[in-house]
Amino acid sequence: MTTAAPVAPLTDRTAYEKAVEEALSASAAYHRAGDSHLDDASYDALARSISVYEREHPDHIRADSPTGKVGGGVAPVGDVAHRVPMLSLDNVFDSEGLEKWGASLNRRIDGPVTGGYAVEPKLDGAAIAARYRDGQLVQLVGRGDGAHGEDLSHAIGTIVGLPSQLPDRVTVEIRGEVLLTRAQFQTANEIRAAHGAKLFSNPRNGTAGTLRAKDRPYVIETTFFAYNAVPLDDAEFFDGETHEAVMRQVADLGVQTTETTEVGLLVCGSLAEVQTRVEEIQTLRAELPFGIDGVVIKANRFSEQRAAGFATRHPHWAIAYKLAAVEAQTKLVGVEWNVGRTGIIAPRAVLEPVEVDGSTVTYATLHNPAFIRDSGLMIGDTVMVWKTGDVIPRVEAPVTSLRTGAETEIVLPKACPKCHGGIDTSGGRWECAGGVDGGCGLLPSLKYAVGRDQFDIEGLGVTYLKALVDADLVSDVGDLFLLTRAQLAGATGSEKRADSLLAEFEKAKQQPLNRVFCALGIVRTGRTLSREIARHFGTMSQIQAADAAALAEVNKLPGANAPKIAAHIAVMASVIEKLAGAGVNMTERVSSGGGSASKPLAGEVVVVTGGMHGPLAGRNRNEMNELIENAGGTASGSVSKKTTILVAGEGAGSKLAKAEQFGTKILSELEFAELVADQLS
Ligand code: IVH
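Presented here is a report on the structure given in the accompanying data block. Counting of residues starts from 1 at the beginning of each chain's written sequence and follows it residue by residue. Local features in a predicted model are, by the rule used here, given only for residues with pLDDT of at least 70; side-chain atom pairs are given and counted only at 80 or more, and totals for whole chains, interfaces and linings are based on all residues. The basis for every side-chain value is the complete set of heavy atoms in the structure, and neither hydrogens nor water enter the calculation.

Quick look at the packing of helix H16 (residues 527-537) against helix H21 (residues 621-630)
Where H16 contacts H21, the two axes come as close as 10 Å, and the packing angle between them is 30°. Taken as axis vectors, H16 and H21 run roughly parallel relative to one another. The hand of the H16/H21 crossing is right-handed. Residue-level contacts link Arg-527, Arg-531, Glu-532 and Arg-535 of H16 to Asn-622, Asn-625, Glu-626 and Glu-629 of H21. Amino acids are sorted into nonpolar (Ala, Val, Leu, Ile, Met, Phe, Trp, Tyr, Cys and Pro), charged (Asp, Glu, Lys and Arg) and polar (every other residue, Gly among them). Looking at the contact of H16 with H21 residue by residue, the class counts come to no nonpolar, 2 polar and 6 charged. Note on method: axes are straight lines fitted to C-alpha atoms, helices fitted across the in-contact stretch only, with angles between N-to-C directions ranging 0 to 180 degrees. Each helix corresponds to a stretch of at least 4 residues labelled H or I by DSSP, and each strand to a stretch of at least 2 residues labelled E; elements are numbered beginning at the N terminus. Under this scheme an angle from 65 to 115 degrees is roughly perpendicular, one under 35 degrees roughly parallel, and one over 145 degrees roughly antiparallel; angles in between are oblique. A clockwise turn of the near helix away from the far one marks a right-handed crossing, whereas an anticlockwise turn of less than a right angle marks a left-handed crossing. For this analysis, residues touch if any pair of their heavy atoms sits within 4.5 Å.

Right under this line is the structure:
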């Protein structure tokens with residue numbers, strides 16, 4: 001098993017030399033192509049063991065050691081001078097390290113910190129200096145070696161959060177991090193795939209590559225957040241005694257800052273508070289729309305920053321508290337092919353187990369066959385595995401510089417891996433040509449249809465479904481409602497079971513339209529969208545009458561998916577007819593109690609987190625969302641500034657922390673149950 005960040009002691013000079021060479025070549029590759037063969041954690045670990053060795057053997061230190069230079073030593077330096085050096089940050093990895101840094105800071109400023117500590121995210125991208133003269137963005141400069149940097153002005157106009165023109169005619173240099181948000185990263189790779197370019201292996205490498213590139217036939221958008229501002233051309237600088245005050249003025253000019261991120265900038269009074277805040281940020285991390293690799297803590301008051309001063313490469317008044325890596329390098333040992341509920345063919349990476357952020361990762365999604373084709377991935381390749389907010393870890397493009405020649409091609413399936421029928425790629429995805437209504441999609445689609453959030457038929461598991469399919473009694477979900485007692489008894493081997501299943505079917509016929517519609521397993525729809533569609537149209541025949549344009553008007557329904565959804569609904573006409581003929585309800589319950597304004601959750605955006613107890617015991621998320629919507633509210637899965645109520649059940653974690661940060665109203669399960677008592681009864 002590989003670990004993400006081994007700190008191997010360097011036992012002799014040869015080992016030291018080898019380590020320096022490796023770090024230099026990784027750093028060079030990173031700066032040249034934006035693509036290092038070492039992940040961040042491994043590079044940090046290597047640099048740490050080099051510096052441990054150097055402390056013990058000062059006479060062996062190489063002049064080009066990466067520990068001695070900003071940016072690891074080999075950044076493309078460029079020729080634009082930084083009037084104020086662009087420094088790096090020293091790192092700590094735990095509360096002990098934080099306390100040590102705090103103690104040394106107090107020593108340097110000759111007393112305790114009185115202006116507080118500004119705590120903000122350590123954004124994982126590329127540092128840039130943005131020069132504004134008279135309110136006009138005139139130049140972008142990379143960090144380079146800290147003293148000189150590359151001119152990156154060609155990127156002006158492509159960076160979100162860095163306006164070309166400010167509302168005031170200020171002259172100032174704003175510094176911060178350029179990054180690719182997860183969404184921008186995905187778009188970037190789609191664009192690159194369309195242009196036949198090599199895919200970026202992760203957002204950080206993608207940012208470096210994007211900033212440096214000139215004359216590309218396409219534009220990749222990045223995002224900026226400022227974390228500092230320095231004077232330019234001796235122009236008058238912002239008023240303000242603290243980092244927080246200056247950053248507020250930067251934000252007021254319309255430039256995005258760390259304060260405007262989801263994490264924000266919080267001034268803490270003590271290191272104990274800082275430690276708590278670091279832990280909170282750690283829990284927010286998975287849900288952030290961009291990557292962070294730590295938390296930066298700065299003495300907030302400028303007079304205290306000045307008193308603390310600088311080392312060669314970093315300020316004494318700031319520190320990076322590094323968080324565990326969420327990416328690691330490992331080897332791809334195989335690819336498995338799965339066919340999903342709606343017949344979508346999805347590849348899954350089998351990896352050499354690697355530890356990422358506290359858990360062992362053995363499988364990761366490879367997205368879709370087109371990803372394999374476009375990235376040129378091979379079995380045996382070294383890959384970056386990346387744990388994001390998603391439950392499933394992802395593999396990004398291979399690290400081709402580490403190829404040995406022993407890698408083998410990944411054979412893309414020519415037939416559906418499950419039913420060996422045809423593959424349909426016409427919709428941009430790879431789908432079993434049998435689709436949902438036949439072929440290999442049948443069993444999973446029946447299982448889905450009888451599931452708890454659809455028809456909710458208890459006692460009809462895969463074994464019995466398979467028996468019914470094998471006996472040729474069921475070829476779509478409609479057939480289930482036409483089964484006779486004798487047929488059910490034959491397939492399940494028990495008359496008693498047949499009776500209880502018949503009772504379940506009777507109950508299921510009364511399910512509201514949203515569940516009936518959901519049970520059809522229409523492509524690109526799930527529980528939430530099914531509820532939206534049912535509420536929007538009210539009856540199944542209205543849904544069937546809707547064309548793509550009418551469907552696109554449904555709340556939350558991506559317009560691009562509407563034609564596929566409409567086409568699939570049309571294909572399901574005979575199944576719908578069968579269901580209706582069997583007496584299945586085809587309308588959405590019209591709730592009593594007047595217009596939505598009189599309902600208890602009218603206008604509220606509600607997020608539920610944690611386990612439910614008391615009167616809400618046993619309700620899953622879908623059922624909670626139904627309840628919220630019946631009470632006139634909007635159910636949402638993640639906490640944002642728009643959230644107005646968070647219902648916090650047992651074991652509530654990161655969503656609770658986020659809601660507290662936004663000052664969102666937080667209700668216990670009991671309080672919430674009281675609020676929606678009418679809908680519960
Ligand atoms: S302050 C003198 N704040 O981390 C102050 N840096 O490892 C120097 N970074 O070069 C930087 N987020 O590119 C600062 N909130 C933040 C940051 C941040 C990311 C980067 C920056 C810096 C590197 C140091």
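Now, onward.
Quick notes on the site of the ligand
By convention in this text, a residue qualifies as near a molecule or strand provided that one of its non-hydrogen atoms is within 4 Å of it. With respect to spatial proximity, 16 residues lie near the ligand, and among them Glu-120, Pro-121, Leu-123, Arg-143 and Glu-177 are the closest. Between Lys-122 and the ligand, the recorded distance is 3.2 Å, taken from a side-chain N or O atom to an oxygen atom. In the environment of the ligand, a nitrogen atom lies 3.0 Å from a nitrogen or oxygen atom belonging to the backbone of Leu-123. Residue burial considers only the protein chains on display, and all accessible areas are found by Shrake-Rupley using a 1.4 Å probe. Its free accessible area being 530 Å², the ligand has 91% of it covered by the protein chains. Elements represented by at least two residues in the shell around the ligand include exactly strand E3 (117-123) and strand E11 (292-299). Top contributing element to the shell around the ligand by residue count: E3, with 4 residues. Polar contact is the term for a pair of N or O atoms within 3.5 Å; when the atoms are in protein, one must be able to donate a hydrogen and the other to accept it, and sequence-neighboring residues count only if both atoms are side-chain atoms.

Some thoughts on the pairing of strand E15 (residues 359-365)
Whether two strands pair depends on DSSP finding at least two bridges between them. Across 6 bridges, strand E14 (residues 345-356) lies against E15 in antiparallel orientation. When the bridges of E15 are listed, Val-354 appears paired with Val-361. The hairpin turn running from E14 into E15, its antiparallel successor, is 2 residues long, and Asp-357 in that turn takes a positive phi close to 45°.

Considering the side chain of Arg-131
Within the secondary structure layout, Arg-131 lies in strand E4 (residues 126-133). Note on Arg-131: relative accessible area 7%, which makes it buried. Under the scheme applied here, a residue whose accessible area is under 20% of the maximum for its type counts as buried, over 50% as exposed, and between as partly exposed, the area being computed with a 1.4 Å probe on protein chains only.

On their own, these measurements won't tell you what the molecule is for.
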